[in-house]
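Residue strings, one per chain:
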Amino acid sequence: MINELHLSNFKAWKKLDIKLGRVTGLFGTNSSGKSSILQFLLMLKQTKNATDRGLVLDLGGPGPDQLVNLGTFKDMVHKHQESSPLKWTIEWNLNKTLKITNPSGKRSEVLFEGNILETEVEVSFKNQEMKSQFLAYRFADHSFEMKPKNEAAKEYVIQVNSKKGEDFQFVRQKGRVWTMPSPIKTHLFPDQAKTYHQNADFLSFFEFEYESMIDRIYYLGPLREYPKREYQWSGASPFDVGSRGERTVDAILSATIRGEKRNLGYRKPFKTFQEIIAHWLKELGLIQSFSIKEIAVGSNLYQAIVKRDKESPEAFLTDVGFGVSQVLPALVLLYYVPEGSTVLMEQPEIHLHPSVQSGLADVILNVAKHRNLQVIVESHSEHLLRRFQRRIAEEVYPANELKLYFCDSIQGESKLSDLDVDLFGDIRNWPENFFGDEMAEIVATRSAVLKRKMQEAKKNGG
């Protein structure tokens, strides 16, 4: 799970410091920087996946497979100031305790041990190109850093800083002291960092853990594909449902063929993948039943069949309310990704009735708890937020695992407010005009009603 993100000079964020929970809700006005937080994480994933190791950051392009398209460094950096470096720090929990032993061969001697890892990066833009200026991994009270030897030099050095004093240092191989190049992308030490030193091979563990953390990030965007009358499936198992939900049916069929089962929590019976999705669609009050059937054996063509209620005839997904097809990718993604994943969702409530939006909050909380997922939701839904509050008050979900934030834009800069939720689900620092000025709407409506009544009374001679 990602614990903390500290970010400087990214889009509207001059400075962002955010602690993430098992479930994190990002609320706020339009163009307040909510989506930018998700875009930053997606940029890191896109960069990690890029086949070109010469790219410092993969900002994306117009292709359909791009997670983000951020334009140029100037477009991305805060207030388009190319002289401002982009900086970030990410801290996350490891899946299991990492032990690094003495490379000299004494296997029993553990040099470093822990289950929390942090990386710090700085990227600058000089001479019309991006450059990784600084890369550090912090682990077990040690910081393993790579930075330029001096401001003018192209040569880099690798060093260790420790809170425990000079207990470990890198040892150079004997022979000629070759020049050390810059970091690769924003998370890899160059091969020379390991080959030039006798005791630096363990740096690969940090790189591996970073890539594993990035690989566990999955994303569903706010715009989803329209439902189809039939779906062709080649038998492939997709990585996810796609940023627009375009691989949702593929994912369902893949999980079904593999015989995957899910349950709703501890000591709850296991259901097939289609049954668990059908359960939530029914629980949300959208439909009575749901299934995907092959049109003819061996055709590889499938149809999504639903029933609105017990008395209704079966119908295609295209012939029922639009909300069903829009929430389906969200449900499938939450149950399809491996346990321990981080799921990013933008406006999952789109096209949903308020009561369904509230129910979706329950799905998110249930899945996060019982499938060990981290879910980061960007939303405008008051109903989603109110349900989160209610479940805390009912002690269904612990307040310390749910982080809620309000984003606002002040003079062109995004600002983050940590919503202080107490044990009873109350927000102690409710921002002004959080979901609009509700009281002003009530007063304006009552005033208009009174004015109309007075006008009608005059017409009738009252």
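Keep in mind the model is a prediction, meaning the values are calculated, not measured.

Draft legend 1. Layout of the packing of aromatic side chains. Tallying each qualifying case throughout the model produces 21 aromatic pairs. With 5.8 Å between their ring centres and 50° between their planes, tyrosine 137 and phenylalanine 189 make a pair best called tilted. Of the two residues, tyrosine 137 is situated in strand E6 (residues 129–139) and phenylalanine 189 in the loop between strand E8 (156–162) and helix H3 (191–195); the sequence distance between them amounts to 52 residues. Residue tyrosine 137 is classed as buried on the basis of its relative accessible area of 0%. Taken together, the ring pairs connect Phe112, Tyr137, Phe139, Phe144, Phe168, Phe170, Phe189, Phe202 and Phe206 into an aromatic cluster. Lying over the aromatic face of tyrosine 218, lysine 45 brings its terminal NZ or CZ to 5.7 Å of the ring centre.

Draft legend 2. Seen up close, the environment of glutamine 39. Relative to the helices and strands, glutamine 39 resides in helix H1 (residues 34–49). Each C-alpha atom of the pair glutamine 39 and asparagine 9 lies 14 Å from the other, and the pair is 30 residues apart in sequence. If sequence neighbours within four positions are ignored, glutamine 39 has contacts with Phe10, Lys11, Val68 and Leu70.

Draft legend 3. View of the packing of H1 against helix H4 (residues 203–215). With their axes 10 Å apart at the nearest point, H1 and H4 run at an angle of 120° to one another. Of the possible angle classes, the one that applies to H1 and H4 is oblique. Along this stretch, H1 crosses H4, giving a crossing that reads as left-handed. Judged by residue contacts, Leu44, Lys45, Lys48 and Asn49 of H1 engage Tyr210, Glu211, Ile214 and Asp215 from H4. Classifying every residue of the contact of H1 with H4 by side-chain character gives three nonpolar, one polar and four charged.

Draft legend 4. Region of the structure containing the pairing of strand E2 (residues 13–19). For strand E1 (residues 2–10) and E2, the ladder comprises six bridges, and the chain directions are antiparallel. Residue pairing across strands places leucine 7 opposite leucine 16, the latter belonging to E2. In this antiparallel pair of consecutive strands, E1 and E2, the connection spans two residues, and lysine 11 shows a positive phi of 50°.

Draft legend 5. Molecular detail of the sheet that holds E2. Spatial ordering of the open sheet is given by E2-E1-E4-E5-E6-E7-E8, a layout of seven strands whose pairing is antiparallel. Looking at strand neighbours, the two that pair on one side only are E2 and E8, the edges of this open sheet. Strand after strand, the sheet turns through a mean of 20° between neighbouring axes, direction not considered. Packed on one face of the sheet, H4 meets E1, strand E4 (86–101), strand E5 (110–126), E6, strand E7 (142–148) and E8 and runs near 110° to E4.

Draft legend 6. Local environment of the sheet that holds strand E3 (residues 23–28). Here we have six strands laid out as an open sheet, ordered E9-E16-E17-E3-E18-E19, and mixed in their pairing. The two strands at the open ends of the sheet, each matched to only one other strand, are strand E9 (217–220) and strand E19 (413–418). Neighbour to neighbour, the strand axes of the sheet diverge by 20° on average, direction disregarded. As paired strands, strand E16 (residues 342–346) and strand E17 (residues 374–378) are joined by five bridges and run parallel to one another. The residue bridging threonine 342 from the neighbouring strand is glutamine 374, located in E17.

Draft legend 7. Expanded view of the pairing of E6. Inspection of the sheet shows E5 paired to E6 by nine bridges, in the antiparallel sense. When the bridges of E6 are listed, phenylalanine 125 appears paired with methionine 130. Hairpin connection, E5 to E6: the antiparallel pair is bridged by two residues, and asparagine 127 has positive phi, about 55°. Two strands pair when backbone bridges link them, and E6 and E7 are joined in this way by five bridges, in the antiparallel orientation. Looking at the pairing, phenylalanine 139 lines up with histidine 142 of E7.

Cut-offs used in this document
Per chain, the residues get numbers from 1 upward, laid out in the order the sequence is written. Local features in this predicted model are restricted to residues of pLDDT 70 or higher, and side-chain atom pairs are both shown and tallied only at a pLDDT of 80 or more, whereas totals for entire chains, interfaces and linings draw on every residue. Based on all heavy atoms of the structure, the side-chain values leave hydrogens and waters out of the count. Note on aromatic contacts: the rings of Phe and Tyr and the six-membered ring of Trp form a pair at centre separations within 6.5 Å, being stacked when their planes are under 30 degrees apart, edge-to-face when over 60 apart, and tilted otherwise. Every helix listed is a DSSP run of H or I at least four residues long, and every strand listed is a run of E at least two residues long, numbered separately from the N terminus. Each residue gets one of three labels from its accessible area relative to the maximum for its type: buried under 20%, exposed over 50%, partly exposed in between, using a 1.4 Å probe on protein chains only. The criterion is that NZ of a Lys, or CZ of an Arg, lies within 6 Å of the ring centre and within 35 degrees of the ring normal, and then a charge sits over that ring. It only takes one pair of heavy atoms within 4.5 Å for two residues to be counted as in contact. All axes here are fitted lines through C-alpha atoms, helices being fitted over the stretch that makes contact, and every angle between N-to-C directions spans 0 to 180 degrees. Roughly parallel means an angle under 35 degrees; roughly antiparallel means over 145; roughly perpendicular covers 65 to 115; every other angle is labelled oblique. Left-handed describes a crossing in which the near helix is turned anticlockwise from the far one by less than a right angle; the clockwise case is right-handed. When residues are sorted by character, Ala, Val, Leu, Ile, Met, Phe, Trp, Tyr, Cys and Pro go into the nonpolar class, Asp, Glu, Lys and Arg into the charged class, and all the rest, Gly among them, into the polar class. In this scheme, strands are said to pair when DSSP sees at least two bridges between them.

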